[in-house]
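Here is how the chains run, residue by residue.
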Amino acid sequence: MTGPIPNRMGRRGFLRRCVAAAAVPLIVPGRVLGRDGGVAPSNRIAFGAIGVGPRARHILPNFLCQPDVQWVAVSEARADRLASAKEMIDAHYGNSDCLTFGDFRDLLARKEIDAVLIATGNRWHAMASMFAAHAGKDVYCEKPVSLTMREGRLMVETCQRFGTIYQAGTQRRATSSYRFAREMVRQGRVGRLQTVESQVWTGATVPHQKATPIPREWNYDMWLGPVQWRPFVPGRVNGWTCFWDTGEGMHTDMGTHYADQMQWVLETDHTGPVEFDTADLVWPDPAQFMSETALSGTFRCRYASGVNGVIYQRGAFKDRYIRYIGDEGWIQVDDHTDAVTAHPASILNDRPAGGVSWSDASGHIVNFLKSIRSRQPTQCNPEVAHRAQSIVGAMTIAARLGRKLKWDPAQERFDLEEANRMMWREPRAPWCV
Amino acid sequence: MNVLSQQWRFLACATLVIASTVQAADTAAQTAPAAAYESGGDCVSLRQLEQQIRDAAGDSGRRAACEAALLRLLDDGSTFEAKRFACSGLAVIGSEASLPALDRLLKREETVGIACLALGGLRSAQAGERLRAALAETRGAARLQLVSALGTRAEAASVEPLVQLANDTDAALACAAVRALGAIDAREARTAVAALRRKDTPALAGAVGAASLRGAEQSFVCGDRTAAAAVCEELLAPAWPVNVRRGALTLLLRNDGDLGAQRIKAVLSEKPSDPALVAVAISRVPALRGEGVSKLFGEFLPRLPPGEQVLMVEALAAREDAAAQSAVRSQTSATDPAVRCAALTAIGEREGASAVDVLSRALTSPTPDERKVAQAALAALKGGEATDQAIIDALRARTGDDQLPLLAVLSMRGGRLPTAELLTQGCASDEARARAALQGLVRIAGGGDATALAVLQEALAGGDNRKQEIALRAMAAWRGLAAWDTLAKVYVHIGDEARRTLALRGLVRAASEADAAPDARLVERYRQLLSGARGADDRKLILSVLGGAAHPDALALALPLLDDPAVRPQAEEAVARLAKALATSHPEAAQAALLRLQRGKQESK
């Protein structure tokens, strides 16, 4: 078991920790948020969104329901999504006040906005966060928090430099089932932890497709952002998760959640594994498909403590899980159903009923809002998020190079120069800061 | 040398030349498809080159050949996408051998970006020189890309050209140049940025602030604390954007010998205060060392405006020493309700039995929010049963309606003692108190607390009739199946029909919750329920939820009830639901059930 085992707190103690303090928002005057002009009329935290596609629409209600949040603006590279997001927010407030911006930099220039939700595609996450930090905004950014490991480190440094309050969208740290599993592992209920095993689903393929003219409602230049220019190909754009320079595949996209959980349970949030490798990778047939990322395979890491991490990419979407395997048992969280299973089953007797599932991000958002006021770090602050992302990023590099890699988490370097070079991709101007 | 060995030498050389020509031709043939790649075409050749890159990693011999293959894709005749692919590969294995080819691409707007991509991984002084040289031959977006790439490389040799560009009339270019200067860890760069601060160009303020902060960081790291602190002090001026001021203060606090204690005090004492800086300063209080610190900042509390008092209460609470605890407790009687609430919450998160009195007093606050916060804080208190007992003692010391909030607190805490006390209170003659206690037990039932269940089971088996009834009501609301066996005994054996019905309702509710994941064990539970049914009403109630257990055995259980005229409509509905749910997994059974339903309906006509 890595790290000290805390006093066994039992079910009631755990339940007590899960009981949220009364949902009375701590209203802090705008002056504390540093706004010029003194106290804001509503004392709410003003938000804007950068990227309002499907993920933003899913998570926005969790923000809109917070009594101390006021949503004032949205920005998006696609005109149809921009209009739809404005409609959603205006309907919530019963007015037509939501501002829209085709260029997120204009949104960031608005003095009245305190914080932003970044829910763009993965290629933009780190860079948009840095733009926001430069503009003095606090950030809630969807995962994965970066595409390359070096841009992740730059993002951490930028947020530290400006005192930016940043929360990564790895909301499972606020989810009851995952918190319970962590508590049981930390209490030693599965014995000495040996392996953290998780599963994400089989990757998709994208057939070959020619470039087409850019649709009128798309600002493709902005959509592409820091990615070096390539022609507009609908399949490549809509299937962006399947290409290295925009998405890096499901072991990264969903795997980052599990890497984050593993780091949290092991209490290694400021370090990471020391070795990475892959096995049994199945790649798309290049004669049929232009997509690049793996369809299936095994992605592994090993910590200096001897604990192993494994991400299997296989099976269906509903089959995803994380399982903590010790020398006396195991405990598993099934992500699709939020069900927790364990051996011995008696572990589950201590599980409190109820609690929020991962699809309810409000606890995670409340943690972010509280940190905006107190300027204390969030639970998924940049360093934590970057370290988790680095795990799947390193797995990607090991997969692409087809070899085992040793990693120095203190220096953040591999033992192979080519791997180190793959930690960075020069961004496209002007979409870099 | 004899003629024979000369001939052998000639033959060997000729062989080598022919071999390399053939190899070149082979490799050219191999790269030709890749050179012509455009989206829509197959990418077999690209994947082959990627395999070569993989094989070349760590192998200098293979790397040169692979690089040569990629460089062929940079020829003028190649497509843009081929060049882009090549540059991605050169980013991984490229060497100075690639510089001439990349040089050409650096000077064209459509390819400068991918050329910078290729050079991004090449830590070579020559590569930096090529980028700087290309500046003179580019304009607009191309030049911006080059400046950005120079910022990534952060080479001291770039300072001079970047200083010139920082004065360019193109604001975007100038800002990029300033940011790039900030990235360079060199005295000349920091000097240049300092000059830009003095110049005070509004359009560059953000970039200059960021670059200045980076320079200060670099100075701290290399030990030049005086210079670093001087820059930070400059950046604290109100004219700078709030994030720059925050960054400057944070940097100073982090590097102060006392972790910033004196500086925090100074920030809090400043008149007028900078609210953004005050919040940052207070956020550092938890990390300060020494008990004197808590006393010091506790004394600051009354001087702060309410919003900042709230933050200071939270910060002090995080210190968890006696002085901090005392300071936080004192704020439960602050004049501002938000401050009082912050204190109550902080106490609830960190303290135990000794805090029951102070939190209980807050239950009588005239402010509803404060009462709610006090309740939640009492529920969250640490200390296990010692705290439970303290709350029970506080409850018993009160009378009438004053007891009701504490009953709710006990229900939020759950566990052995609270459950036992709620059972006792549920027998009270005071109707409001009895009702509140029962509601509390139902709430505990919703949490599925095993120790609470044990208390209820003991009460049910005990001699107190009233407690038995209350315990049964609570168990009938139990979440999950833990109370099943106890309820089943009541259902099957007890003669009291009211209790029997209550037990059945509880069993049916529990079964319906389990319908989400039906298995053979659940169906067996339904079988038990049906076998214990004493009339049509019982069977109707059971059928109303049996239809939700999508399991073939559940269907088999429901089918015979189609022949029972007293429950036929309920049986039909259950069978229809089950057949629909099982249509994919058990098509034959589902189809047979539907046919039986249809036949039955026809016969009844």
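Structure: see above.
Here goes a summary of the coordinates provided. All residue numbers refer to positions counted from 1 along the written sequence of the respective chain. Think of it this way: whatever chain is written first is A, whatever ligand is written first is 1, and the rest follow in order. Since the coordinates come from a predicted model, pLDDT governs what is reported: local features require at least 70, and pairs of side-chain atoms require 80 or more to be given and counted, while whole-chain, interface and lining totals use all residues. Only heavy atoms go into the side-chain values, all of them from the structure, while hydrogens and water stay out.

## Some thoughts on the overall build of chain B
Alright, step 1. Secondary structure assignment for chain B yields 35 helices and zero strands.
Alright, step 2. Against the globule reference of 25 Å for 605 residues, chain B gives a C-alpha radius of gyration of 40 Å, more extended than a compact globule.
Alright, step 3. Relative to its 605 residues, chain B shows a buried fraction of 52%.
Alright, step 4. The contact criterion used throughout is that any non-hydrogen atoms of two residues lie within 4.5 Å. Of the contacts made within chain B by residues no fewer than 6 positions apart, 61% connect residues no fewer than 24 positions apart.
Alright, step 5. Per-residue and other accessible areas follow the Shrake-Rupley method at a 1.4 Å probe size, with only the shown protein chains counted as cover for residues. For chain B, the accessible surface area stands at approximately 26,700 Å², while carbon and sulfur atoms represent 54% of it.
Alright, step 6. Just so you know, the count uses Lys and Arg for positive and Asp and Glu for negative, and it drops His and the chain ends. A charge is said to be at NZ when it belongs to Lys, at CZ for Arg, at CG for Asp and at CD for Glu. Of the charged side chains in chain B, 72 are positive and 71 negative; the average position of the first set lies 1 Å away from that of the second. Runs of H or I in DSSP of at least four residues are treated as helices and runs of E of at least two as strands, each being numbered from the N terminus. The atom set for the radius of gyration is the C-alpha atoms, and the globule formula is 2.2 Å times the number of residues raised to the power 0.38. Classification of residues uses two cut-offs on accessible area relative to the type maximum, computed with a 1.4 Å probe and protein chains only: under 20% is buried, over 50% is exposed, and between them is partly exposed.

## Some remarks on the pattern of salt bridges
Alright, step 1. What counts as a salt bridge is simple: a side-chain nitrogen of Lys or Arg found within 4 Å of a carboxyl oxygen of Asp or Glu. This model, assessed by the stated rule, comprises 65 salt bridges over all chains.
Alright, step 2. Across the salt bridge formed by Asp 274 of chain B and Arg 245 of chain B, the nearest N and O atoms sit 2.7 Å from each other. One end of the pair, Asp 274 of chain B, is in the loop between α15 (261-269) and α16 (275-283); the other, Arg 245 of chain B, is in helix α14 (residues 242-255), and 29 residues separate them in sequence.
Alright, step 3. Between Arg 416 of chain B and Glu 385 of chain B there is a salt bridge whose closest N-O contact spans 2.8 Å. Of this pair, Arg 416 of chain B sits in helix α25 (residues 416-426) while Glu 385 of chain B sits in helix α23 (residues 384-396), and the two are 31 residues apart along the sequence.
Alright, step 4. Taking the relative accessible area as the measure of exposure, Arg 416 of chain B reaches 43% and is therefore partly exposed.
Alright, step 5. Linked by salt bridges that have partners in common, Arg 153, Glu 383, Arg 387 and Glu 412 of chain A make up one network.

## Comments concerning the interface of chain A and chain B
Alright, step 1. Counting residues at the interface gives 64 residues for chain A, matched by 82 residues for chain B.
Alright, step 2. The tally of links from chain A across to chain B stands at three salt bridges.
Alright, step 3. We note a salt bridge from Arg 84 of chain B to Asp 245 of chain A, for which the minimum N-O separation is 2.8 Å.
Alright, step 4. We define a polar contact as two N or O atoms separated by no more than 3.5 Å, with the added condition that, inside protein, one atom must be a possible hydrogen donor and the other a possible acceptor, whereas residues neighbouring each other in sequence contribute only through side-chain atom pairs. Across the contact surface, chain A and chain B share 26 residue pairs in polar contact (both at pLDDT 80 or more).
Alright, step 5. Residue assignment for the side of chain A that touches chain B shows that the elements contributing at least two residues are α1 (10-18), α5 (122-134), α6 (149-162), α12 (362-374), α13 (382-401) and α14 (417-421) of chain A.
Alright, step 6. Sorting elements by how many residues they give to the side of chain A that touches chain B places α6 of chain A first, with four residues.
Alright, step 7. Partitioned by chemical class, the residues of the side of chain A that touches chain B number 30 nonpolar, 13 polar and 21 charged. Charged means Asp, Glu, Lys or Arg here, nonpolar means Ala, Val, Leu, Ile, Met, Phe, Trp, Tyr, Cys or Pro, and polar covers whatever is left, Gly included.

## A look at the sheet that holds strand β3 (residues 99-101) of chain A
Residues and elements named next belong to chain A.
Alright, step 1. Pairing between strands is defined by DSSP: at least two bridges between the two strands are required. Strand order in this open sheet of six strands is β3-β2-β1-β4-β5-β6, and the pairing throughout is parallel. The open sheet has two edge strands, β3 and β6 (166-168), and neither has a second partner. Neighbour-to-neighbour, the strand axes of this sheet turn through a mean angle of 20°, independent of strand direction.
Alright, step 2. In the sheet, strand β1 (residues 45-50) pairs with strand β2 (residues 69-75) via six bridges, with the strands oriented parallel. Residue pairing across strands places Ala 49 opposite Val 74, the latter belonging to β2. Convention adopted: a line fitted to C-alpha atoms gives each axis, helices being fitted over their contacting stretch, and angles between N-to-C directions are expressed from 0 to 180 degrees.

## A few points about the nonpolar core
Alright, step 1. Think of a nonpolar core as a cluster: buried Ala, Val, Leu, Ile, Met, Phe, Trp, Tyr and Cys residues, connected wherever their side-chain atoms sit within 4.5 Å. Counting residues in hydrophobic clusters, the biggest one holds 288 residues, and the most contacted among them are Ile 331 and Phe 414 of chain A together with Phe 297 and Tyr 526 of chain B.
Alright, step 2. Counting residues per element, this core draws most heavily on α13 of chain A, which supplies nine residues.
Alright, step 3. Once residues within four sequence positions are removed from consideration, Phe 414 of chain A is found in contact with Met 149, Phe 276, Ala 394, Ile 397, Leu 405, Lys 406, Trp 407, Ala 419, Asn 420 and Met 423 of chain A.
Alright, step 4. Phe 47, Val 69, Leu 82 and Ile 165 of chain A belong to the second-largest nonpolar core, a separate cluster that totals 27 residues.

## A few points about the state of the cysteines
Alright, step 1. Here, two cysteine sulfur atoms that lie within 2.5 Å of each other are counted as a disulfide. Tallied over the full model, the rule gives zero disulfides over all chains.
Alright, step 2. There is no disulfide at Cys 116 of chain B, and the cysteine sulfur nearest it, in Cys 87 of chain B, is 9.5 Å away.
Alright, step 3. A relative accessible area of 1% means that Cys 116 of chain B is categorised as buried.
Alright, step 4. Here Cys 175 of chain B is not disulfide-linked; the sulfur of Cys 432 of chain A is the nearest cysteine sulfur, at 12 Å.

## A closer look at the sheet that holds strand β10 (residues 308-313) of chain A
Residue and element names in this part refer to chain A.
Alright, step 1. Reading across from one edge, β13-β12-β11-β7-β10-β9-β8-β14-β15 is the order of the nine strands in this open sheet, with mixed pairing throughout. The open sheet is flanked by β13 (340-343) and β15 (413-414), the only strands paired with a single partner.
Alright, step 2. Examined bridge by bridge, strand β11 (residues 321-326) and strand β12 (residues 330-334) share five bridges and lie antiparallel to one another. Its bridge partner lying in β12, Arg 323 is registered against Gln 332.
Alright, step 3. In this fold α13 packs onto β8 (275-282), β9 (296-302), β10, β14 (405-408) and β15, with an angle of close to 55° to the strand it touches most, β8.

## Brief notes about the packing of aromatic side chains
Residues and elements named next belong to chain A.
Alright, step 1. A pair of aromatic rings is counted whenever rings of Phe, Tyr or Trp (Trp by its six-membered ring) have centres within 6.5 Å, and the orientation is called stacked for planes under 30 degrees apart, edge-to-face for over 60 and tilted otherwise. For the structure shown, the criterion picks out 20 aromatic pairs over all chains.
Alright, step 2. Note on Trp 201 and Phe 317: the rings are 4.8 Å apart at their centroids and 80° apart in plane angle, and the pair reads as edge-to-face. Here Trp 201 is found in the loop between β7 (193-200) and α8 (220-224), whereas its partner Phe 317 is found in the loop between β10 and β11, with 116 residues between them in sequence.
Alright, step 3. Taking 5.3 Å as the distance between ring centres and 80° as the angle between the ring planes, the aromatic pair formed by Trp 218 and Phe 232 counts as edge-to-face. Here the residue Trp 218 occupies a position in the loop between β7 and α8, and Phe 232 occupies one in the loop between α8 and α9 (234-238), the gap between them amounting to 14 residues. Take Trp 218 and Phe 232: they sit in the same class, and that class is buried.
Alright, step 4. Three or more aromatic residues link up through ring pairs in this structure, and these residues are Phe 47, Phe 63, Trp 71, Tyr 140 and Phe 368.
Alright, step 5. Lysine and arginine charges are scored as sitting over a ring when NZ or CZ, respectively, is within 6 Å of the ring centre and within 35 degrees of the ring normal. Sitting above the plane of the Phe 317 ring, Arg 320 keeps its charged end 4.0 Å from the centroid.

## Focus on the packing of helix α13 (residues 225-235) of chain B against α14 of chain B
Residue and element names in this part refer to chain B.
Alright, step 1. Running from N to C, α13 and α14 cross one another at 145°; their axes reach a closest spacing of 8 Å. Of the two possible hands of crossing, α13 and α14 adopt the one that is left-handed. Along its contact with α13, which presents Arg 225, Ala 229, Cys 232, Glu 233 and Leu 235, the element α14 presents Val 244, Arg 245, Ala 248, Leu 251, Leu 252 and Asn 255.
Alright, step 2. A class-by-class count of the residues in the contact of α13 with α14 yields seven nonpolar, one polar and three charged. Throughout, a crossing is termed right-handed when the near helix is turned clockwise from the far one, and left-handed when it is turned anticlockwise from it by less than a right angle.

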